[in-house]
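# Structural features, examined
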Amino acid sequence: MQGFDPKFRDFPDYVLGVSEEIWEGRGLGAKLRAYSHGDIIQRSPAGITFGTGALVAEAMALQATFPDRRVLGEDVIWSGSPAVGMLGSHRQLVLAAYGGGGPFDAPTGTALRYREIADVYAKANLVSDVWRVCDTGAITRQLGTTPHDWARANLADQDPETQPFRPAIDVIGPYTGRGNSSQWGAAFADLLERVMQGDLSVIAEQYDRACQLEYPGGVTGHGWQAAETFWLGLRASFPTASFAIHHQIGLSDPPMPPRAALRWSLSGRHGGWGSFGAPSGAEVHVMGISHAEFGPWGLRREWSLLDETAIWMQILNHRGG
């Protein structure tokens, strides 16, 4: 693979292999620095960070909190070329036991299972731009609290200059691409845009009746009703918010089924009853990433993530705590 470490056979193998070297191989310092540009930018719903120093510090703190953390790469949906750089949307299942410390106050040894999805841009063997969404709702619930209560307890620790992430604090990074023009990415984008316009009939039209769905909070659902419950609950909370798709990839590479990855956002007022309680009027920015697999009867599997604690931080900050 031109421009990348030759021990990796292709770009998905690079993304999965680097992750394994960093986490399972415990290369938190050396490997992160070896594979990251010195000015790397990482955006997550919790905030924005710059440089490898911040990245290494975050990784060390995470490893101390979850000392046996295992990151199992489920898929990498990618686009680009070595010449212009490549972006892989990396979905991973994390297995860990809480070791104490960090931002959580829970019994040690509690077993956790949650997902993360990260859009990772790399060129010339270096990662320089990352958009990462972690299922904090699953983490907090498994540790015996709720995203709302955890956000309230940690609200005072927020740095308003960098937390939570919102367009006003964003910067233009080295990656400015929009993905590719595959029919599978376009189909998934059209589906979510129709849902966000309130056309819920598209779910029965385009989802497999036996679809499997993985949603925030570690929720696994099946069938049309589960999809409607999640998407309607989100949209009803922010009924006038602007929905935007920032990046879309479609990929068809047998023996895998056709699949797609979208990075999207909702920006606007918390103005309705939905998944986030009584309307507060808070200005909220939601960063989301979704993956989908397609089969002969439509969308058969979906993984959608957002950070519930970051949303509650914005609502509670507007309310004054």
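See the structure printed just above.
Along each chain, residues carry numbers from 1 onward, in the same order as the chain's sequence is written. Local features in a predicted model are, by the rule used here, given only for residues with pLDDT of at least 70; side-chain atom pairs are given and counted only at 80 or more, and totals for whole chains, interfaces and linings are based on all residues. Think of the side-chain values as coming from all heavy atoms in the structure, minus any hydrogens and water.

Let us now look at the environment of phenylalanine 238. Only DSSP runs of H or I with at least four residues qualify as helices, and only runs of E with at least two residues qualify as strands; both kinds are numbered from the N terminus onward. Mapped onto the elements of the fold, phenylalanine 238 is located in the loop between helix H8 (224–237) and strand E9 (242–251). Exposed residues in this analysis have more than 50% of their type's maximum accessible area, buried residues have under 20%, and partly exposed residues fall in between, with area computed by a 1.4 Å probe over protein chains only. Judged by relative accessible area, phenylalanine 238 falls into the buried class, the value being 1%. Contact partners of phenylalanine 238, with chain neighbours within four places excluded, come to Leu266, Arg269, His270, Phe276, Val284, Val286 and Ile311. We call two residues in contact whenever any of their non-hydrogen atoms come within 4.5 Å of each other.

On to the packing of aromatic side chains. Any two of the Phe, Tyr and Trp rings considered here, Trp counted by its six-membered ring, make a pair once their centres fall within 6.5 Å; the pair's planes then place it as stacked at under 30 degrees, edge-to-face at over 60, or tilted in between. The full count for this structure, using the stated rule, is 20 aromatic pairs. Aromatic pair tyrosine 121 and tyrosine 175: ring centres 4.8 Å apart, planes at 35°, arrangement tilted. With tyrosine 121 in strand E5 (residues 111–123) and tyrosine 175 in the loop between helix H5 (147–154) and helix H6 (183–196), this residue pair connects regions lying 54 residues apart in the sequence. Overall, the relative accessible area of 6% leaves tyrosine 121 in the buried class. The ring of tryptophan 23 has arginine 69 lying over it, and the distance from NZ or CZ to the ring centre is 4.3 Å. Each ring is checked for a lysine NZ or an arginine CZ that lies within 6 Å of its centre and within 35 degrees of its normal; such an atom marks a charge sitting over the ring. The ring of tryptophan 303 carries arginine 91 above its face, with NZ or CZ at 3.6 Å from the centroid.

On to helix H9 (residues 308–319), then. For an α-helix, the turn length of 3.6 residues means that residues three or four places apart are oriented alike. Along its twelve residues, H9 runs 17 Å from first to last C-alpha, staying within 8% of the 16 Å computed at 1.5 Å per residue. Most of H9 is tucked away: nine of the twelve residues are buried. Among all positions of H9, only Glu308, Thr309, Ala310, Ile311, Trp312, Met313, Gln314, Ile315 and Leu316 are buried. Directly beyond the C-terminal end of H9, a positive phi value near 90° is found at glycine 320. A helix is expected to reach a length of 1.5 Å times the quantity of its residues less one.

Turning our attention to the pattern of salt bridges. Any Lys or Arg side-chain nitrogen located within 4 Å of an Asp or Glu carboxyl oxygen qualifies as a salt bridge. Within the structure shown, the criterion is met by 21 salt bridges. Ionic pairing is found between aspartate 13 and arginine 9, a salt bridge with its closest N-O pair at 3.8 Å. For aspartate 13, a relative accessible area of 19% gives the class buried. Glutamate 116 is paired through a salt bridge with arginine 132; the nearest N and O atoms lie 3.1 Å apart. With glutamate 116 in strand E5 and arginine 132 in strand E6 (residues 126–134), this pair connects stretches of sequence that are 16 residues apart. We note that glutamate 116, like arginine 132, is buried. One network of salt bridges, in which partners are shared, links Asp5, Lys7, Glu21 and Lys31.

Here we take up the sheet that holds strand E11 (residues 283–295). Reading across the sheet, the six strands line up as E8-E7-E12-E11-E10-E9 and stay open at both edges, with mixed pairing between neighbours. Each edge of the open sheet carries a strand with a single partner, namely strand E8 (219–222) and E9. For this sheet, the mean angle separating the axes of adjacent strands, direction not counted, is 15°. Pairing analysis gives eleven bridges linking strand E10 (residues 259–269) to E11, with the strands arranged antiparallel. Bridge pairing in E11 places alanine 261 opposite histidine 291. In the packing of H6 onto the sheet, the strands contacted are strand E7 (207–215), E9, E10, E11 and strand E12 (298–306), and the crossing angle to E9 comes to about 155°. Sheet strands touched by H9: E11 and E12. Its angle to E11, the strand with the most contacts, is close to 160°. For two strands to count as paired, DSSP must find a minimum of two bridges between them. Note on definitions: angles span 0 to 180 degrees between N-to-C directions of axes, and those axes are lines fitted to C-alpha atoms, for helices only across the stretch in contact.

On to unusual backbone geometry, then. Residue proline 164 follows glutamine 163 across a cis peptide bond; omega there is -20°. Structurally, proline 164 can be placed in the loop between H5 and H6. Cis peptide bonds are those with omega within 30 degrees of zero, and the linkage from proline 254 to proline 255 qualifies with 15°. Topologically, proline 255 is positioned in the loop between E9 and E10. One non-glycine residue, arginine 26, lies in the positive phi region at around 60°.

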